[in-house]
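Secondary and tertiary structure notes
Next come the chains, spelled out residue by residue.
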Amino acid sequence: AAGVIQSPRHLIKEKRETATLKCYPIPRHDTVYWYQQGPGQDPQFLISFYEKMQSDKGSIPDRFSAQQFSDYHSELNMSSLELGDSALYFCASSLGRGVSYEQYFGPGTRLTVT
Amino acid sequence: AQSVTQPDIHITVSEGASLELRCNYSYGATPYLFWYVQSPGQGLQLLLKYFSGDTLVQGIKGFEAEFKRSQSSFNLRKPSVHWSDAAEYFCAVGAYGNTGKLIFGQGTTLQVKP
């Protein structure tokens, strides 16, 4: 079965650089969630999209922006990177908005900022 | 405020022994509760969920969890642990507003001794 695809899987950037993380949801899924998991920490919700519109927003820095495109894939853009942005970034997709719809998680993108 | 607490950061059990991972939540209404498992280098996989009804829920891989409203708990159990169960386990609650946002606990790392 198709799963959530995230690219790249690993990314190394320097401070103050920009990074773009991509998420390709399971076909026919219309909702995408982004989570950030710092080293040894629990996943923290960043932002979500439903039908290409922002659905909910968490503790996402102003340096970050995201969108969902017409083909439902989503991109998380991160500018002026800081050391503290080093983390595993998960994308999840679901067939509808709301907790009753199971979220399927991708393998994550590991971002290292040096 | 909504929150999830997993009191045990690290648990070690012998293969074949029983397992119980604790989860306590803070939520103002009937919560939507989840248990996820994360293997090294992998995304999060849903083990089971509770929305309403029977307080004992069955999940995949032989796991079950019991919702106890009086104790604000949703503990995960397995009668006999296999070496392949070694992973990190996250308890989560669906946030208010039902946009699908999940609030995770800190996670419990399970180590299985042969």
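Our subject in this report is the structure included herewith. What you are looking at is a predicted structure, and each value in this text was computed from that prediction instead of being measured.

Next up on the list: the overall build of chain A. Summing up its helical and strand segments, chain A has zero helices and 11 strands in all. Since a compact globule built from 114 residues should have a radius of gyration of about 13 Å, the 13 Å found for chain A is in line with a globular shape. Overall, chain A is about 35 × 25 × 25 Å in size when its C-alpha atoms are taken along their principal axes. Looking at chain A residue by residue over its 114 residues, the buried ones come to 50%. Across chain A, every contact between residues at least 6 apart in sequence was considered, and the portion connecting residues at least 24 apart equals 54%. Here chain A has roughly 5400 Å² of accessible surface; of this, 47% comes from carbon and sulfur atoms. Taking the average location of the 11 positive side-chain charges in chain A and that of its 12 negative ones, the two points are 3 Å from each other.

With that out of the way, let us pick up the interface of chain A and chain B. Each partner contributes to the interface: chain A provides 21 residues, whereas chain B provides 21 residues. Summed over both sides, the interface between chain A and chain B buries roughly 1700 Å², with carbon and sulfur atoms accounting for 58% of that surface. Put simply, chain A and chain B have six residue pairs in polar contact (both at pLDDT 80 or more) between them. Counting only elements with at least two residues in the side of chain A that touches chain B, the list comes to β4 (31–37), β6 (53–57) and β9 (87–94) of chain A. Of the residues forming the side of chain A that touches chain B, the biggest block, three residues, is contributed by β4 of chain A.

With that settled, the discussion passes to the nonpolar core. Counting residues in each nonpolar core, the largest one holds 29 residues, and the members touching the most others are L19, W35, L47, L48, F74, L76 and Y89 of chain B. Element by element, the count of residues in this core is highest for strand β10 (residues 87–94) of chain B, at four residues. Ignoring anything within four residues of it in the chain, the contact list for L47 of chain B reads W35, Y36, V37, G59, I60, K61, F63, L76 and Y89 of chain B. Grouped together as the second largest cluster of nonpolar side chains are 22 residues, I26, W34, I47 and A87 of chain A included.

All right, on to the state of the cysteines then. Residues and elements named next belong to chain B. A complete count under the given rule lists two disulfides over all chains for this structure. The disulfide partner of C23 is C91, and the gap between their sulfur atoms is 2.0 Å. A torsion of -65° about the S-S bond marks the disulfide between C23 and C91 as left-handed. Within this pair, whereas C23 is found in the loop between β3 (19–21) and β4 (24–26), its partner C91 is found in strand β10, the two being separated by 68 residues in sequence. For the pair C23 and C91, a shared accessibility class is recorded, and that class is buried.

It is worth spelling out the packing of aromatic side chains at this point. Evaluated as defined, the whole model comprises 15 aromatic pairs over all chains. Taking 5.8 Å as the distance between ring centres and 75° as the angle between the ring planes, the aromatic pair formed by F34 of chain B and F51 of chain B counts as edge-to-face. Of the two residues, F34 of chain B sits in strand β5 (residues 33–38) while F51 of chain B sits in the loop between β6 (44–50) and β7 (56–58), which places them 17 residues apart along the sequence. Judged by relative accessible area, which is 3%, F34 of chain B ranks as buried. Aromatic rings pair up to connect Y35, F45, F90 and F105 of chain A together with Y32, F34, Y36, F51, F90 and F104 of chain B into one cluster.

Each value, and the rule that gives it
Residues numbered from 1 in each chain as written. Chains lettered and ligands numbered in written order. Predicted model: local features only at pLDDT ≥ 70, side-chain atom pairs only at ≥ 80, totals over all residues. Heavy atoms only, no water. Helix = DSSP H or I, 4+ residues; strand = E, 2+ residues; numbered from the N terminus. Rg over C-alpha atoms; globule rule 2.2 N^0.38 Å. Buried < 20%, exposed > 50% of the residue type's maximum accessible area, 1.4 Å probe, protein only. Contact = heavy atoms within 4.5 Å. Areas by Shrake-Rupley, 256 points an atom, 1.4 Å probe, with all protein chains shown as cover. Lys, Arg positive; Asp, Glu negative; His and termini not counted. Charge placed at Lys NZ, Arg CZ, Asp CG, Glu CD. Buried area = accessible area lost by both parts, 1.4 Å probe. Polar contact = N/O pair within 3.5 Å; in protein donor to acceptor, adjacent residues only side chain to side chain. Core = buried A, V, L, I, M, F, W, Y, C linked by side-chain atoms within 4.5 Å. Disulfide = S-S within 2.5 Å. Phe/Tyr/Trp six-rings, centres within 6.5 Å; stacked < 30°, edge-to-face > 60°.

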